Amino acid sequence: MEKKITIAVDGFASCGKSTLAKGIAKALDYAYIDTGAMYRAVTLYCIENEVNIKDDASIQNALDAIDIRFKTIDGKNTTFLNDKNVEEDIRKMPVNNLVSEVAAISLVRRAMVRQQQEMGKEKGVILDGRDIGTVVFPDAELKLFMTANINVRTQRRLLELQAKGQTVSLEEIAKNLQHRDHIDSTRADSPLKQADDAIVIDNSNLSESEQLAMCLALSKLRMREEAS
Ligand code: CDP
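Residues numbered from 1 in each chain as written. Predicted model: local features only at pLDDT ≥ 70, side-chain atom pairs only at ≥ 80, totals over all residues. Heavy atoms only, no water.

Caption draft 1: Structural view of the nonpolar core. Ranked by size, the top nonpolar core spans 35 residues in total, and within it Val42, Ile59, Ile68, Val108 and Met112 carry the most contacts. Contributing elements (two or more residues each) for this core: α2 (35-48), α3 (56-65), α4 (93-103), α5 (106-119), β6 (125-129) and α6 (132-136). Considering every element that reaches this core, the biggest residue donor is α2, with eight residues. (Core = buried A, V, L, I, M, F, W, Y, C linked by side-chain atoms within 4.5 Å. Buried < 20%, exposed > 50% of the residue type's maximum accessible area, 1.4 Å probe, protein only. Helix = DSSP H or I, 4+ residues; strand = E, 2+ residues; numbered from the N terminus.)

Caption draft 2: Structural view of the sheet that holds strand β5 (residues 84-85). Taken in spatial order, the three strands line up as β3-β4-β5 in an open sheet, and their pairing is antiparallel. If you trace the sheet from one side to the other, it starts and ends with β3 (68-73) and β5, each paired once. When strand β4 (residues 76-81) meets β5, the two strands line up antiparallel, connected through two bridges. Its bridge partner lying in β5, Phe80 is registered against Asn85. (Pairing = 2+ DSSP bridges.)

Caption draft 3: Representation of the packing of α3 against α5. Their axes nearest at 9 Å, the elements α3 and α5 cross at an angle of 20°. The angle between α3 and α5 places the two elements in the roughly parallel class. The crossing of α3 and α5 is right-handed. Packed against α3, whose contacting residues are Asp56, Ile59, Gln60 and Leu63, the element α5 presents Leu107, Val108, Ala111 and Met112 at the interface. (Axes fitted to C-alpha atoms, helices over the stretch in contact; angles between N-to-C directions. Parallel < 35°, antiparallel > 145°, perpendicular 65-115°, else oblique. Left-handed = near helix turned anticlockwise from the far one by under 90°. Contact = heavy atoms within 4.5 Å.)

Caption draft 4: Summary view of the side chain of Ser219. Positionally, Ser219 belongs in helix α9 (residues 208-227). Not counting the four nearest positions on each side in its chain, Ser219 is found in contact with Ile5, Ile7, Ile24, Leu28 and Leu142.

Caption draft 5: Expanded view of the site of the ligand. Neighbouring the ligand are 18 residues; Arg40, Arg109, Arg157, Arg180 and Asp184 lie closest to it. In the model, a nitrogen atom of the ligand is placed 2.8 Å from a nitrogen or oxygen of the Asp131 side chain. In isolation the ligand offers 530 Å² of accessible surface; the protein chains occlude 96% of this area. A total of four residues in the shell around the ligand trace back to one element, the largest contributor, which is α2. (Near = heavy atom within 4 Å. Polar contact = N/O pair within 3.5 Å; in protein donor to acceptor, adjacent residues only side chain to side chain. Areas by Shrake-Rupley, 256 points an atom, 1.4 Å probe, with all protein chains shown as cover.)

Caption draft 6: Molecular detail of unusual backbone geometry. One non-glycine residue, Glu50, lies in the positive phi region at around 50°. Tracing the sequence through the fold places Glu50 in the loop between α2 and α3. Under the relative-accessibility criterion, Glu50 is labelled exposed at 73%. Of note, the phi angle at Asp83 is positive, near 70°, even though the residue is not glycine.

Caption draft 7: Molecular detail of the packing of helix α7 (residues 150-163) against helix α8 (residues 170-186). Closest axis-to-axis distance for the α7/α8 pair is 9 Å, and the angle between their directions is 120°. The pairing of α7 with α8 is recorded here as oblique in orientation. With respect to the hand of their crossing, α7 and α8 are arranged in right-handed fashion. Facing α7, whose interface residues are Ile150, Arg153, Thr154, Gln155, Arg157, Leu158 and Leu161, α8 presents Leu170, Ile173, Ala174, Leu177, Gln178, Arg180 and Asp181. For the contact of α7 with α8, the class distribution of residues is seven nonpolar, three polar and four charged. (Nonpolar A, V, L, I, M, F, W, Y, C, P; charged D, E, K, R; others polar.)

Caption draft 8: Examining the sheet that holds strand β8 (residues 199-202) more closely. Here five strands make up an open sheet; going across it, the order is β2-β6-β1-β7-β8 and the pairing parallel. Taken across any chain shown, the strands that pair with only one partner, and hence form the sheet edges, are β2 (31-34) and β8. Averaged over neighbouring strand pairs, the angle between their axes works out to 20° when direction is ignored. Running at roughly 175° to β6, helix α1 (residues 17-28) makes contact with β1 (6-11), β2, β6 and β7 (142-147) of the sheet.

Caption draft 9: Summary view of the layout of surface pockets. Looking at the second largest pocket, its volume works out to about 160 Å³. Gln60, Leu63, Asp64, Ile66, Ile68, Leu107, Arg110, Ala111, Met112, Arg114 and Gln115 together form the lining of the second largest pocket. When residues of the lining of the second largest pocket are traced back to their parent elements, those giving at least two are α3 and α5. The leading source of residues in the lining of the second largest pocket is α5, at six residues. Broken down by class, the residue content of the lining of the second largest pocket amounts to six nonpolar, two polar and three charged. (1 Å grid on protein atoms, 1.4 Å probe; cavity = no way out; pocket = protein on both sides within 12 Å on 5 of 7 lines; lining within 4 Å. Points joined across faces, edges and corners; volume = space filled by probe spheres on them.)

Put into structure tokens, the structure is as follows:
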């Protein structure tokens, strides 16, 4: 017997969290919630509407005007901001360069966390982000904390962006990942940190399929333990 659980995946930028989470969601027929996409969508809105992110009233107005949804299109998880497909735009450099500043704002976090808790309230869900195991779902039955060598992470992100036709240098990517990790780990509100009961996975030397097999085995173990 197996029981449905909540799986939290946290970790540094470009560690393969979403690849893993999508793989597990598909294999277990679980819902997947990409919480990073939500902070990215808020950031895109702020850029497009020239919102002064230092001013709480402006941020609150922006949050009141923002509707974020996920839809599956051609089998892919796709982010919509106010009914517009923004999946491509939220992964570009202007958003990469500002998202950690926006995600550090408590008003933004409060609104996103509330929505994430609502979307993920049914078991049988996997979420990836920075504060899932510590703040969003501290009672998640399985918590994975992912990390990888910075050179490996930079190389992976370069290939990802190149595949989408974006020209970005290795240096620019490395700088952005380190900048985001620093802000994400040191912010006052819900900093990125490993939950005490998380299992750490360094995937620097693991292939995608090895990582998936390992984490699926961990998931099934927890699902059986919960059923017994
Ligand atoms: O895919 P990548 O690791 O580059 O980033 P992401 O998961 O899409 O998250 C983008 C940014 O959103 C992070 O650098 C954090 O600043 C923020 N974030 C957060 O603060 N809390 C989360 N639960 C998820 C993302």
